Every structure is written in structure tokens, then in C-alpha cells.
Amino acid sequence: MCTRTNDAAVVHRQPVELRVGGAQLMLDRTIDISDKTTPLMVASGILWLAVLILGLAGYWFAGLIVSVFLFHPWFIIGASSRQKIPVKLLVYPLGIWTVLQLAAFGLAEYFSGPYAEGSAGLITGMHPSFAAVYWLYWIGGFMTVALTFGLYYRRYYLPEGRWDEFLEEVEEAKAAQESEGMVEDTPTPETPDSEVTS
């Protein structure tokens, strides 16, 4: 939508909408995870245990695939703000990151069998199975997360005013503890005049 004011165009941005089967999926909506934190922590523990058992049993590839999903509970909890996480963050970076990790491990498995004897051509100086892990898992995963941090930092990770609210919460908690006599102020150690520090 565009309106004109004094011969200058003013653009009103509409939220991005995806139409899936006639229904609207708003990427800007949020999911409340306040009652899901404990199940997510338990799921993380179960996934760790599954990776360990699969690895000890010799099913290394299955263990790698399961390990991709270890990051999910921690991402959801860590990327939430006030117990809510935007759907957009589940699509990008989490969805893209997951696809990159699965592709890296899938290609590593594919190239490790037929080319175990080293007859494969090198990709950027590496065996194809390692090149897949390097370029998709390490570089792709790192770039996905780093780019997301740059794109979404102000909006989702530390929105305007949120840091000030956090500092106020800390001061309120500190004042409540002091009024209950739970916290004693300890003096800050000072450097003696005779001691020289560099």
C-alpha cells in the first residue's frame, strides 16, 4: 500500500504472508513456550542419550542424524523472549541450519562408502565426504547463525528497551533480597597504594 503526502510516497509495509492450502501462515506470529521449557530440556537429554547409545552400538551415521536435532531444544529456549519465539526464527535460521546439517552428514555418508579407497577427486583439496561436512556443516552452519544474529539481533534477541527492562528487574530483585536481609553488600576490594598494577 502506498500513499502520497506532499508529493512524497509513503510506503506502508504489510506483514509477510504465506498462503498454504488456502490458509494464511503468518511468519510474524509467535509461539508461547512457557509450558514447553521442561519438555524441551527433557527432550535434549533424551537426544544426548540416544546419540551416546547409537555411537557405542556402532551406528555412527544414525547418531550423527540424531545429533542434528540436539540443537533444536536449546535454540528454541535460547531464542525465545519472554517465553515466546517467533515462527520466523524456526524457519530461518533453524530450518535452514537443519537442512544444511542433514545434507552435510548425508553427503559424508554417501561419499565415505564408494570413495573409501581415496579414488574420488578432491573438492577444494579435501575428500568429498569431508568437503561436504566442512562446507555445509561448519561454514554453512556458521554463516547461517552469524547472518541471523546480524539480521534479527535488534528485533528478536534484544529488542528496543528490553535491556533497560532487564536492568530494572535485576534492581527490583536485588532490592527485594536486601529488604529480606538475604544479600549483604560486600565492599569492592581496593588496590593498596603501595601495590602497582599494570
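These figures come from a predicted structure and were not determined experimentally.

*Asks:* I keep staring at the overall build of the protein and nothing clicks. Help me out?
*Replies:* Across its full length, the protein carries 6 helices and 6 strands. In the protein, the succession of α and β elements from N to C terminus is β-β-β-β-β-α-α-α-β-α-α-α. Residues classed as buried in the protein amount to 23% of the 198 residues present. Long-range contacts, defined as pairs at least 24 residues apart, comprise 60% of the intrachain contacts of the protein with a sequence gap of at least 6. As displayed, the protein offers around 14100 Å² of accessible surface, 63% of which is attributable to carbon and sulfur atoms.

*Asks:* What is the right way to read helix H4 (residues 87-112) from this model?
*Replies:* It helps to recall that an α-helix has 3.6 residues per turn; residues three or four apart then point in one direction. Taking 1.5 Å of rise per residue, 26 residues should cover 38 Å, and H4 covers 36 Å from first to last C-alpha, within 8% of that figure. In H4, a bend of some 35 degrees at Leu94 exceeds every other bend along the element.

*Asks:* Explain the environment of Tyr115 here, please?
*Replies:* Tracing the chain through its elements places Tyr115 in the loop between H4 and helix H5 (128-157). Given a relative accessible area of 26%, Tyr115 falls into the partly exposed group. As for Tyr115 and Pro128, which are separated by 13 residues in sequence, their C-alpha atoms are 8.3 Å apart.

*Asks:* Explanation requested: a negative patch on the surface in the structure shown.
*Replies:* A contiguous patch of negative charge, built from Glu160, Asp164, Glu168 and Glu172, is present on the exposed surface. Take Glu168: its relative accessible area is 48%, and that puts it in the partly exposed class.

*Asks:* What is the right way to read the pattern of salt bridges from this model?
*Replies:* Opposite charge on two side chains permits pairing when their charged atoms draw close. The final tally for this structure, using the stated rule, is 2 salt bridges. One salt bridge connects Lys36 with Asp35, and the closest N-O pair in it is separated by 3.4 Å. The class of Lys36 is partly exposed, set by a relative accessible area of 38%. Exposure remark for Asp35: the relative accessible area of 57% places this residue in the exposed category.

About the criteria used
- In this convention, every chain numbers its residues from 1, walking through the sequence in written order.
- In keeping with the model being predicted, local features are shown solely for residues with a pLDDT of at least 70 and side-chain atom pairs are shown and tallied solely at 80 or more, while totals for entire chains, interfaces and linings include all residues.
- Values reported for side chains reflect all heavy atoms of the structure, with hydrogen atoms and water molecules removed beforehand.
- For the purposes of this entry, the term helix denotes a DSSP run of H or I that reaches at least four residues, the term strand denotes a run of E that reaches at least two, and both are numbered from the N terminus.
- Buried means the residue's accessible area, taken with a 1.4 Å probe over protein chains only, is under 20% of the maximum for its type, while exposed means over 50%, and partly exposed covers the values in between.
- Throughout, a contact is declared for two residues whenever any of their heavy atoms are within 4.5 Å.
- In these tables, accessible area is a Shrake-Rupley quantity obtained with a 1.4 Å probe, and a residue counts as shielded only by the protein chains included in the view.
- Multiplying 1.5 Å by the helix residue count minus one yields the expected span of that helix.
- The angle separating two fitted axes, one through the seven residues that finish at a residue and one through the seven that start at it, defines the bend at that residue.
- Any residue with relative accessible area above 30% and no salt bridge may belong to a patch, with like charges joined within 9 Å and the nonpolar Val, Leu, Ile, Met, Phe, Trp and Tyr side chains within 5 Å.
- Any carboxyl oxygen of Asp or Glu within 4 Å of a side-chain nitrogen of Lys or Arg constitutes a salt bridge here.
- His residues and chain termini do not enter the charge count, which takes Lys and Arg as positive and Asp and Glu as negative.
- For this purpose, a charge sits on NZ of Lys, CZ of Arg, CG of Asp or CD of Glu.

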